[in-house]
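Secondary and tertiary structure notes
Residue strings, one per chain:
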Protein chains: 2
Amino acid sequence: MREGKQEFAEWLASRKLRVTGERMAVLDEVMRANGHIDIDYLQEQFRKQKRPVSRATIYRTLSHLVQSGLVQKVLTGEGQARYEKMYGRQHHDHMICLGCGEIIEFTNDEIERLQDWVCHKKRFTIVTHTLQIKGFCEKCSAQKASVEGGATDHRRHGRN
Amino acid sequence: MREGKQEFAEWLASRKLRVTGERMAVLDEVMRANGHIDIDYLQEQFRKQKRPVSRATIYRTLSHLVQSGLVQKVLTGEGQARYEKMYGRQHHDHMICLGCGEIIEFTNDEIERLQDWVCHKKRFTIVTHTLQIKGFCEKCSAQKASVEGGATDHRRHGRN
DNA sequence: ACAGATATCGAGACTCAATCTCAACACAAG
DNA sequence: CTTGTGTTGAGATTGAGTCTCGATATCTGT
């Protein structure tokens, strides 16, 4: 048993929730994917595998996975939320490219330490934190520079 | 002319957009409010003043204000977005209390500097960044501690 | 100040992610 | 097998935010 199956099963049991095929399938897919995926991606995977799982179940299971700490929800502020596995991984923050949508992960212990310090000073008890840096990745920055002078409006028109 | 009226008027003119009563009224309200407000609050204010402004117009105007840099949009990940004036204020980050919903502002130059450095290392061009720390403010932390052992489930049931 | 050109407004329809409802189903324990 | 309870999926619902379009207000040139 690998990739968090045991942990999730135990977490479910501890809450008197059942270990079902659908739940394990969702866990499997999130763990197999190595990026920041969304619900559409998951549903598509299940469809391909001829083992459709309803959106409601995917949403419900992801919610459980997030609560169990095995998966993290990433709100980019553009359309759907995305999810990434956290099992066996350490906390990290995100840079989100406004050009191609790529999400780059990074960590910086010093920033974390400073956050703790600031919160301690304000007597604020940290539960979670999110640091998102939006801008343009190396590739999109170069592309943008080469078109300079033209229409460089990369704004998205979805909700944000 | 104060509180960004001039700036907003000029910004609108620069884009061949018109300076209307509705737009100035929205600017006024956001500037008058000294917290992190939402659309409902604004609409309520206009209703009280017997000068109703439609939601569509409020949304459209806030979008302009954000683009002009006079106002900042804050996505807490719970329900509606909130807005705060930025005119005459410096950038800051947020701590969001999961108990009472209060938003505490803070700044830390060292964190900003480290962000720049991390992005430089990854050749990422920063446009904006958001640092949100979720947890419990001093008051809610104390309250939580005093109820310890009981039902301490502060999770929200709205979308997040 | 007036008129024409055009941006803006408001009411309500619409979009879309996410959640909820509920009847059918599955599973564990007696 | 039966009962109790958790789960599922299809589709309805919610709710923030956006769009449409006829009526209206603002700007610009004269």
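Rules of the game
Residues numbered from 1 in each chain as written. Chains lettered and ligands numbered in written order. Predicted model: local features only at pLDDT ≥ 70, side-chain atom pairs only at ≥ 80, totals over all residues. Heavy atoms only, no water. Helix = DSSP H or I, 4+ residues; strand = E, 2+ residues; numbered from the N terminus. Contact = heavy atoms within 4.5 Å. Lys, Arg positive; Asp, Glu negative; His and termini not counted. Charge placed at Lys NZ, Arg CZ, Asp CG, Glu CD. Near = heavy atom within 4 Å. Polar contact = N/O pair within 3.5 Å; in protein donor to acceptor, adjacent residues only side chain to side chain. Nonpolar A, V, L, I, M, F, W, Y, C, P; charged D, E, K, R; others polar. Axes fitted to C-alpha atoms, helices over the stretch in contact; angles between N-to-C directions. Parallel < 35°, antiparallel > 145°, perpendicular 65-115°, else oblique. Left-handed = near helix turned anticlockwise from the far one by under 90°. Buried < 20%, exposed > 50% of the residue type's maximum accessible area, 1.4 Å probe, protein only. Buried area = accessible area lost by both parts, 1.4 Å probe. Salt bridge = Lys/Arg side-chain N within 4 Å of Asp/Glu carboxyl O. Pairing = 2+ DSSP bridges. Phe/Tyr/Trp six-rings, centres within 6.5 Å; stacked < 30°, edge-to-face > 60°.

Things to note about the overall build of chain A
When helices and strands are tallied, chain A shows 6 helices and 5 strands. Listing the helices and strands of chain A from first to last along the sequence gives α-α-α-α-β-β-β-β-α-β-α. Structurally, chain A occupies a C-alpha span of about 60 × 50 × 25 Å along its principal axes. A separation of at least 24 residues holds for 49% of the contacts in chain A among residues at least 6 apart in sequence. When the 27 basic and 21 acidic side-chain charges of chain A are each reduced to a single mean position, those positions are 7 Å apart.

What to know about the protein's contact with DNA strand D
The immediate surroundings of DNA strand D are formed by 21 residues, with A:Arg18, A:Thr20, A:Arg23, A:Thr57 and A:Arg60 found nearest. Taken together, the sugar and phosphate atoms account for 68% of what DNA strand D places within 4 Å of the protein. A:Glu22 is positioned such that a nitrogen or oxygen atom in its side chain is 3.5 Å from a phosphate oxygen of DNA strand D. Elements represented by at least two residues in the surface near DNA strand D include exactly helix 2 (21-32) and helix 4 (55-68) of chain A together with helix 4 (55-68) of chain B. Counted by class, the surface near DNA strand D contains 8 nonpolar, 4 polar and 9 charged residues.

Some thoughts on the packing of helix 1 (residues 5-14) of chain A against helix 2 of chain A
Residue and element names in this part refer to chain A. Contact geometry for helix 1 and helix 2: axes closest at 11 Å, N-to-C directions at 140°. Accordingly, the angle class assigned to the pair helix 1 and helix 2 is oblique. When you trace helix 1 past helix 2, the crossing you get is right-handed. Contacts between helix 1 and helix 2 pair Lys-5, Phe-8, Ala-9 and Leu-12 from the former with Arg-23, Met-24, Leu-27 and Asp-28 from the latter. Its residues placed into classes, the contact of helix 1 with helix 2 shows 5 nonpolar, no polar and 3 charged.

A look at unusual backbone geometry
All names here are of chain B. Unlike most non-glycine residues, Lys-50 shows phi in positive territory, near 55°. Structurally, Lys-50 is set in the loop between helix 3 (39-48) and helix 4. Residue Lys-50 is classed as exposed on the basis of its relative accessible area, which comes to 74%. The backbone of Arg-123 shows a phi angle near 60°, a positive value even though the residue is not glycine. Structurally, Arg-123 is set in the loop between helix 5 (109-121) and strand 5 (125-136).

A word on the interface of chain B and chain A
Contacts between the two partners involve 39 residues from chain B, matched on the other side by 40 residues from chain A. Interface of chain B and chain A: buried area, both sides summed, is about 3200 Å²; carbon and sulfur atoms make up 65% of it. Three residues stand out in chain B for area buried against chain A, namely B:Met95, B:Phe124 and B:Ile133, and they jointly supply 17% of the buried area on that side. Viewed at the interface, chain A and chain B are joined by 0 salt bridges. Viewed at the interface, chain A and chain B are joined by 14 residue pairs in polar contact (both at pLDDT 80 or more). Mapped onto the side of chain B that touches chain A, the elements with two or more residues apiece are strand 3 (93-97), strand 4 (103-106), helix 5, strand 5 and helix 6 (138-146) of chain B. Of the residues assigned to the side of chain B that touches chain A, the class counts are 19 nonpolar, 12 polar and 8 charged. When strand 5 (residues 125-136) of chain A meets strand 5 of chain B, the two strands line up antiparallel, connected through 11 bridges. When the bridges of strand 5 of chain B are listed, A:Gly135 appears paired with B:Ile126.

What to know about the packing of aromatic side chains
All names here are of chain A. With the rule as written, the count across this model stands at 2 aromatic pairs over all chains. Seen from their ring centres, Phe-8 and Trp-11 are 6.4 Å apart, and the 15° between their planes marks the pair as stacked. One end of the pair is Phe-8 and the other is Trp-11, both in helix 1 and 3 residues apart, which spans about a single turn. In this structure, Phe-8 and Trp-11 share a single accessibility class: buried.

Section: the protein's contact with DNA strand C
Taken together, 19 residues lie around DNA strand C, and A:Tyr59, B:Arg18, B:Thr20, B:Arg23 and B:Thr57 are the ones closest in. A distance of 3.1 Å separates a phosphate oxygen of DNA strand C from a polar backbone atom of A:Ala81. At a separation of 2.8 Å, a phosphate oxygen of DNA strand C approaches a polar side-chain atom of B:Thr20. Looking at the surface near DNA strand C, the elements that each hand over two or more residues are helix 4 of chain A together with helix 2 (21-32) and helix 4 of chain B. Looking at the surface near DNA strand C residue by residue, the class counts come to 7 nonpolar, 4 polar and 8 charged.

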